[in-house]
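Here are the chains, one letter per residue:
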Amino acid sequence: MTSHTYDIIDFDPEVFVQQYWQKKPCIIRKLFPNFQDPVDADTLAGLALEEDVDARIVSFADEQWDVHQSPFTADDINESCVGSWTLMVQGVDNYLPQTKALTEKFAFIPHWRFDDLLVTYSVAGGGVGAHYDEYDVFIVQGMGQRRWQVGHKLNSSSEKLYPHAHLQQVKPFEPIIDIVMLPGDVLYIPPFYPHQGKSITECFNYSVGFRAPNQSELLQGLADGILDNDLLTKRFCDPHRVITHKRSAVNGHDIFVLKQLMHQFIDLDETDYLLTEMLSKTYHPIHDEYALESPHSSAEMLRMVNAGLTIAPNLGIRPLYPEHQTNEFFVFFINGRRYAVDALDRPFFERLLNETKLKITPSERLQFSSVNILAELVNEGFYEVLD
């Protein structure tokens, strides 16, 4: 039985962020009223067969867990789907435009935090066992019914079980949430809360996941940017050195000065750009599929802008920019690529980067250099012209 403490009837994003986000799990009833699945089993299985798609099949039969990882052939799928089984496909939002409405519902969380959409199809009894994730996730119930249980928060040192080399689980737990979800219901689970879902009937689930880089990933991303751009050349110096009688000891002052060298870089404006560049990178660089074979010239794009056009982002792009910028150029990133436009055109590009579709009119009065960038974004497949 689930306490009403974890139950939301009328969803308000501001209340949710204040009371639940990264604090405690909750069930959001009928967040998607009259929910219709954007995919079917055949479509999902077909996507799982694609060479670059990350998919796996988790099955439980004869008291044994089994896991099969993509790439798959049709025979692989047929042979792996035994007992109580589940097909899981990552990054579906990068391939199927009809899933966009699912992810857009959670746009009150910044885009840089969004990871991807995992779509799960299960037969009755299907699931992956009790486990926890290190990221936030909204699980949308599609067709069918699934029983979900969520326990009290664990920590990263909690004992993990491995019933299969590619399947991590945790010990059984006392649930604080125990609910059967119906189509359109949503379960939010913060990091480190153990949970398990078991399908009651054939069903679909849609997991909208949010990434959270750890310190190692942040430092690695900055290190890559530093090396690529040859940014840090300032060396340690010690003109006020005093003699030492312990040549192997690194004294506290030296450690302090070395740390200061690193802090000086962290505080640079360029670090804001490097972090944003890193956060804009994706694991699914499929925008290349949308690159134009016959690219628009800047003059053509200017004529299109003057005539009025509508533009929208293609699948698989992650546009980001540091909000605090005071330079003469407005800098933004898409999938790890850096762009700089005249700061006068910042309002236009902010709208372009934040909106799901943008009507461009002649009244925009864009700088010609910005028109060049707009043509580049379309030609490279990040954006498409709708009319």
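Structural data are supplied above this passage.
Notes on the structure in this doc start here. Small disclaimer: the values here were computed from a predicted structure and weren't measured. (Residues numbered from 1 in each chain as written. Predicted model: local features only at pLDDT ≥ 70, side-chain atom pairs only at ≥ 80, totals over all residues. Heavy atoms only, no water.)

Some thoughts on the packing of aromatic side chains
Spelled out, the test is: Two rings from Phe, Tyr or Trp (for Trp, the six-membered ring) form a pair when their centres are within 6.5 Å of each other. A pair whose planes differ by under 30 degrees is stacked, one over 60 is edge-to-face, and the rest are tilted. Secondary structure elements follow DSSP: runs of H or I of four or more residues count as helices, runs of E of two or more count as strands, with numbering from the N terminus. When accessible area is computed with a 1.4 Å probe and restricted to protein chains, residues below 20% of their type maximum are described as buried, those above 50% as exposed, and intermediate ones as partly exposed. By definition, being over a ring means that NZ of Lys or CZ of Arg is both within 6 Å of the ring centre and within 35 degrees of the ring normal.
Going through the model one piece at a time under the given rule, you end up with 30 aromatic pairs. Each ring, one from F138 and one from Y188, has its centre 5.1 Å from the other, and the planes form 40 degrees; the classification is tilted. Of this pair, F138 sits in strand β7 (residues 136–141) while Y188 sits in strand β12 (residues 186–189), placing them 50 residues apart in sequence. Owing to a relative accessible area of 0%, Y188 belongs among the buried residues under this scheme. Seen from the ring of W112, R113 lies directly overhead, with NZ or CZ sitting 6.0 Å from the centre. The positively charged end of R338 is found above the aromatic ring belonging to Y273, 4.9 Å away from the centroid.

A word on the packing of helix α8 (residues 298–307) against helix α10 (residues 368–379)
The cut-off we apply is this: Whenever a helix is involved, its axis is fitted only over the stretch in contact; in every case the axis is a line through C-alpha atoms, and angles between N-to-C directions fall within 0 to 180 degrees. Relative orientations are named as follows: roughly parallel for angles under 35 degrees, roughly antiparallel for angles over 145 degrees, roughly perpendicular for angles from 65 to 115 degrees, and oblique for any other angle. By definition in these notes, contact holds between two residues if any of their heavy atoms fall within 4.5 Å. Amino acids are sorted into nonpolar (Ala, Val, Leu, Ile, Met, Phe, Trp, Tyr, Cys and Pro), charged (Asp, Glu, Lys and Arg) and polar (every other residue, Gly among them).
Where α8 contacts α10, the axes come no closer than 9 Å and their chain directions differ by 100 degrees. Our classification of the angle between α8 and α10 gives roughly perpendicular. When α8 is examined against α10, the residues S298, M301, L302 and V305 are found in contact with a partner set consisting of F368, V371, N372, L374, A375 and V378. Partitioned by chemical class, the residues of the contact of α8 with α10 number eight nonpolar, two polar and no charged.

A closer look at the sheet that holds strand β18 (residues 337–342)
Applicable threshold: Strands pair, by our definition, only if DSSP identifies at least two bridges between them.
One open sheet holds the three strands; their spatial order is β16-β17-β18, and the pairing between them is antiparallel. Unpaired on one side and paired on the other, β16 (319–320) and β18 mark the two borders of the sheet. As paired elements, β16 and strand β17 (residues 329–334) share two bridges and run antiparallel to each other. Paired with P319 across the two strands is I334, which belongs to β17. Sheet strands touched by helix α7 (residues 269–279): β16, β17 and β18. Its angle to β17, the strand with the most contacts, is close to 25 degrees. With respect to the sheet, helix α9 (residues 346–354) is in contact with β16, β17 and β18, its orientation differing from that of β17 by roughly 15 degrees.

So, empty space enclosed by the protein
Operational definition: With a 1 Å grid laid over protein atoms only, a set of points is called a cavity when a 1.4 Å probe fits there but cannot get out and a pocket when it is open yet has protein on both sides within 12 Å along at least five of seven lines; lining residues have an atom within 4 Å of a point. Grid points are joined across faces, edges and corners, and a volume is the space filled by probe spheres set on the points.
On inspection of all chains with the given rule, the structure shows one cavity of 30 Å³ or more. By volume, the largest cavity is sized at about 70 Å³. Lining the largest cavity, in full, are G221, D224, G225, D228, L274, E277, M278 and K281. Breaking the lining of the largest cavity down by element, the ones donating at least two residues are α5 (215–229) and α7. Counting residues per element, the lining of the largest cavity draws most heavily on α5, which supplies four residues. Class assignment of the residues belonging to the lining of the largest cavity gives a composition of two nonpolar, two polar and four charged.

Details of the pattern of salt bridges
Heads up, the rule is: Just to be clear on terms, a salt bridge is a Lys or Arg side-chain nitrogen sitting within 4 Å of an Asp or Glu carboxyl oxygen.
Under the counting rule described, the total for this entry stands at nine salt bridges. As a salt-bridge pair, E380 and R337 come within 2.8 Å of each other at their nearest N and O atoms. Taken together, the residues span a long stretch of sequence, with E380 in the loop between α10 and β20 (383–385) and R337 in strand β18 at a distance of 43 residues. Exposure remark for R337: the relative accessible area of 34% places this residue in the partly exposed category. Here the salt bridges share partners, and the residues they tie into one network are D238, R241 and D254.

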